[in-house]
Amino acid sequence: DKTIIGADLQYRQKFSERWSGSIGLIYENAQYSDMMVADVDDREDDTIFFRPGIQYLFREWLMFELAYEYETRDSTDELFDYDTNTIMFNVNLAL
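In short, a report on the structure. (Residues numbered from 1 in each chain as written. Predicted model: local features only at pLDDT ≥ 70, side-chain atom pairs only at ≥ 80, totals over all residues. Heavy atoms only, no water.)

**Let's talk about the side chain of serine 75**
Then, in step 1: With respect to the element layout, serine 75 can be found in strand β4 (residues 62–75).
Then, in step 2: The exposure class of serine 75 is buried, given its relative accessible area of 8%.
Then, in step 3: Side chain to side chain, serine 75 and aspartate 45 meet in a polar contact 2.5 Å long.
Then, in step 4: A polar contact of 3.1 Å, which involves the side chain of serine 75, links it to the backbone nitrogen of aspartate 77.
Then, in step 5: Leaving out residues up to four positions away in the same chain, serine 75 has contacts with Arg43, Glu44, Asp45, Phe80 and Asp81. (Helix = DSSP H or I, 4+ residues; strand = E, 2+ residues; numbered from the N terminus. Buried < 20%, exposed > 50% of the residue type's maximum accessible area, 1.4 Å probe, protein only. Polar contact = N/O pair within 3.5 Å; in protein donor to acceptor, adjacent residues only side chain to side chain. Contact = heavy atoms within 4.5 Å.)

**Side note on the pattern of salt bridges**
Then, in step 1: Using the criterion set out here, one finds 4 salt bridges in the structure.
Then, in step 2: Across the pair arginine 73 and aspartate 45 runs a salt bridge, and its minimum N-O distance is 3.8 Å. Placement of arginine 73 in strand β4 and of aspartate 45 in strand β3 (residues 43–59) is noted, with a sequence separation of 28 residues between them.
Then, in step 3: Its relative accessible area of 21% is what places arginine 73 among the partly exposed residues.
Then, in step 4: Close ionic contact of arginine 51 with glutamate 69 constitutes a salt bridge, the shortest N to O distance being 3.1 Å. Of the two residues, arginine 51 is situated in strand β3 and glutamate 69 in strand β4; the sequence distance between them amounts to 18 residues. (Salt bridge = Lys/Arg side-chain N within 4 Å of Asp/Glu carboxyl O.)

**A few points about the packing of aromatic side chains**
Then, in step 1: Using the criterion set out here, one finds 4 aromatic pairs in the structure.
Then, in step 2: Both rings, one in tryptophan 19 and one in tyrosine 56, keep their centres 4.7 Å apart while their planes meet at 50 degrees; by these two values the pair is tilted. Taken together, the residues tryptophan 19 in strand β2 (residues 19–32) and tyrosine 56 in strand β3 connect sequence positions 37 residues apart.
Then, in step 3: A relative accessible area of 24% means that tyrosine 56 is categorised as partly exposed.
Then, in step 4: Geometrically, the ring pair formed by phenylalanine 58 and phenylalanine 64 is edge-to-face, given 6.0 Å between the ring centres and 70 degrees between the ring planes.
Then, in step 5: Of the residues examined, phenylalanine 58 reaches a relative accessible area of 35% and is grouped as partly exposed.
Then, in step 6: Taking the ring centre of tyrosine 32 as reference, the NZ or CZ of arginine 43 above it sits at 4.0 Å.
Then, in step 7: One residue, arginine 43, lies across the ring of phenylalanine 80, its end atom 3.6 Å from the ring centre. (Phe/Tyr/Trp six-rings, centres within 6.5 Å; stacked < 30°, edge-to-face > 60°. Lys NZ or Arg CZ within 6 Å of the ring centre and 35° of its normal.)

What follows is the structure, encoded as structure tokens:
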């Protein structure tokens, strides 16, 4: 059994005709319980996800993006704790 409560905040800003930026923040609290197994402790995870990015519109059909992602999970079970850092370069084509 899993119950999730969370929030997702996004902000986008256009700086010029070609440049724009975005920031995303997600918080999630997940509570796990196993009613079938009496000797298993319940688990609770808090996850935070943060993603700023900048986009450049090269042509009407071609956009480049440079973004950074940070995600961390704090769990009552240390096996499920983690931190990740990711840098991405995206190319988006539209037809």
